[in-house]
Amino acid sequence: MTAFIDYHIHTHHSFDCKIPMAEMCAAAIEAGISEIAFSDHFNNHLLDIDLGYYDPERYFTDLERCRRQFPNLTIRAAVEVGEPHRWQRKIQPVLERYPYDVVLGSLHWVGNNNMFSNDYFRGNPPQVAFGAYFTELARMAAHGGFNILAHVDLPKRVGFEVYGAFDIRPFEDSIRATWQACIDNDIALELNTKGLRSAAAEIHPAQEALRWYVEMGGRLLTFGSDAHRANNIGGGFEVARQSALSVGLSRVCRFEGGRIVGWSDL
Ligand SMILES: [Zn+2]
Ligand SMILES: [Zn+2]
């Protein structure tokens with residue numbers, strides 16, 4: 001059996017996770033994961049409730065301790081930056097100062113609309129709510145400055161609860177623009193399995209969009225459970241594996257020092 005790699009895991013260094021890093025390491029080993037990346041939130045939107053919460057100094061101290069404590073687990077230093085295209089002046093100095101292996105770019109906000117807010121979806125028809133997000137996502141990918149594009153169709157998690165359905169096809173133009181920007185900027189695409197644990201019950205991105213990515217020449221792929229709890233590490237990776245293989249993607253990339261240093265077969 002292949003040992004999976006999970007590049008999207010949170011710890012108590014994120015405002016919305018209570019689990020200590022060492023506990024997440026032990027759980028990863030238990031789940032048969034060979035390599036992980038701790039991607040705690042670094043949010044900078046003025047309306048983010050965790051504004052100022054992220055402390056890279058504490059994060060790296062903890063990370064080094066875990067690397068010593070778990071020598072057989074490869075632990076990558078990562079960070080999940082919200083809207084890198086909007087808060088670059090705040091983010092860049094931190095990314096330059098600390099030895100991150102890999103940076104995840106996430107879009108949680110479109111303007112002042114939060115993609116986890118029920119009200120946003122209730123107040124807009126799907127075409128508008130999702131459309132605004134995907135337009136902004138293409139803009140973020142074109143801006144670059146990160147290694148992995150996280151949870152591509154994130155709004156389907158809450159959107160599905162409100163509309164009862166999600167169809168990515170009406171947004172093909174924006175998605176393709178996003179893929180082209182990823183390909184041009186060497187940004188890897190994340191297969192994020194948290195969507196499986198949401199009402200939408202499917203991986204991010206939707207299978208159709210993954211097919212467009214491969215069709216356009218996209219090859220860079222990572223897996224992320226987006227675990228905020230120990231028992232979610234590596235969750236849904238067999239589904240992700242089937243999803244990747246079915247479009248002809250058979251390996252994920254491994255990062256170190258902000259660069260791809262190897263591949264792992266699925
Ligand atoms: Zn996120
Ligand atoms: Zn996350």
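Above this text you will find the structure in question.
Below, the structure is looked at part by part. (Residues numbered from 1 in each chain as written. Chains lettered and ligands numbered in written order. Predicted model: local features only at pLDDT ≥ 70, side-chain atom pairs only at ≥ 80, totals over all residues. Heavy atoms only, no water.)

### Description of the coordination of the zinc ion (ligand 2)
The protein atoms that coordinate the zinc ion (ligand 2) are His8 (NE2), His10 (NE2), Glu80 (OE) and Asp226 (OD), at distances of 2.1 to 2.3 Å. Of note is the zinc ion (ligand 2), whose four donor atoms meet at the metal with angles of 79 to 170° in an arrangement that counts as irregular. Read in sequence order, the donor residues for the zinc ion (ligand 2) give the motif H-x1-H-x69-E-x145-D. A separation of 3.6 Å is found between the zinc ion (ligand 2) and the zinc ion (ligand 1), which are bridged by glutamate 80. You can see glutamate 80 sitting in strand 3 (residues 74-82) and its partner aspartate 226 sitting in the loop between strand 9 (221-224) and helix 9 (237-246), a full 146 residues away along the chain. The pair formed by glutamate 80 and aspartate 226 is uniform in burial state, with each residue classed as buried. (Donors = N, O, S within 2.8 Å, 3.2 Å for Na, K, Ca; no water. Tetrahedral: all angles 85-135°; square planar, octahedral: opposite > 155°, others 65-115°. Helix = DSSP H or I, 4+ residues; strand = E, 2+ residues; numbered from the N terminus. Buried < 20%, exposed > 50% of the residue type's maximum accessible area, 1.4 Å probe, protein only.)

### Describing helix 1 (residues 21-30)
For helix 1, the full list of buried residues reads Met21, Met24, Cys25, Ala27 and Ala28. End-on view of helix 1: buried residues confined to an arc of 165°, all on one side of the axis. As for helix 1, its buried residues are in contact with strand 1 (4-9), strand 2 (33-42), helix 2 (56-69) and strand 3. Count one or two residues on from helix 1 and you reach glycine 32, which has phi positive near 80°. (Arc of directions from axis to C-beta. Contact = heavy atoms within 4.5 Å.)

### Concerning unusual backbone geometry
Across the chain, the bulk of peptide bonds are trans and the bulk of non-glycine residues have phi less than zero. The linkage connecting histidine 204 with the following residue, proline 205, adopts the cis geometry, with an omega of -5°. Relative to the elements of secondary structure, proline 205 occurs in the loop between strand 8 (188-192) and helix 8 (207-215). Look at aspartate 186: it is not a glycine, yet its phi comes out positive at around 55°. The topology assignment puts aspartate 186 in the loop between helix 7 (172-184) and strand 8. Within the chain, alanine 201 stands out as a residue other than glycine whose phi angle is a positive 55°. As for its position among the elements, alanine 201 is in the loop between strand 8 and helix 8. Overall, alanine 201 belongs to the partly exposed group, its relative accessible area being 47%.

### Brief notes about the packing of aromatic side chains
Applying the stated criterion across every chain, the model contains 19 aromatic pairs. Taken together, a centroid distance of 6.4 Å and an interplanar angle of 50° make the contact between tyrosine 7 and phenylalanine 255 tilted. With tyrosine 7 in strand 1 and phenylalanine 255 in strand 10 (residues 251-256), this pair connects stretches of sequence that are 248 residues apart. Both residues of the pair, tyrosine 7 and phenylalanine 255, belong to the buried class. Relative to phenylalanine 166, the ring of phenylalanine 130 has its centre 4.9 Å away and its plane inclined at 80°; by these criteria the two rings are edge-to-face. Remark: phenylalanine 166 occurs in the loop between helix 6 (156-163) and helix 7 and phenylalanine 130 occurs in helix 5 (residues 126-143); sequence separation between them is 36 residues. Here the two residues phenylalanine 130 and phenylalanine 166 agree in accessibility, since each one is buried. Taken together, the aromatic side chains of Tyr120, Phe121, Phe130, Tyr133, Phe134, Tyr163, Phe166 and Phe171 make up a single cluster linked through ring pairs. Above the plane of the ring of tryptophan 263 lies arginine 251, whose end atom (NZ or CZ) is 3.9 Å from the centre. (Phe/Tyr/Trp six-rings, centres within 6.5 Å; stacked < 30°, edge-to-face > 60°. Lys NZ or Arg CZ within 6 Å of the ring centre and 35° of its normal.)

### Description of the sheet that holds strand 3
Reading across the sheet, the seven strands line up as 1-2-3-4-7-8-9 and stay open at both edges, with parallel pairing between neighbours. Looking at which strands have only one partner, the edges of the open sheet turn out to be strand 1 and strand 9. One ladder, built from two bridges, connects strand 4 (residues 102-106) with strand 7 (residues 148-149); its direction is parallel. In the sheet register, leucine 104 faces strand 7, and the bridge partner there is isoleucine 148. (Pairing = 2+ DSSP bridges.)

### Notes on the nonpolar core
Ranked by size, the top nonpolar core spans 88 residues in total, and within it Phe38 and Tyr100 carry the most contacts. The dominant element in this core, judged by the number of residues it contributes, is helix 5, at seven residues. In this structure tyrosine 100 touches Tyr54, Pro56, Tyr59, Phe60, Ala77, Ala78, Val79, Val94, Leu95, Gly257 and Gly258, once residues within four positions along its chain are discounted. (Core = buried A, V, L, I, M, F, W, Y, C linked by side-chain atoms within 4.5 Å.)

### Focus: the coordination of the zinc ion (ligand 1)
Ligation of the zinc ion (ligand 1) by protein atoms is provided by Glu80 (OE), His108 (NE2) and His151 (NE2), these donors lying 2.1 to 2.2 Å from the ion. Read in sequence order, the donor residues coordinating the zinc ion (ligand 1) give the pattern E-x27-H-x42-H.

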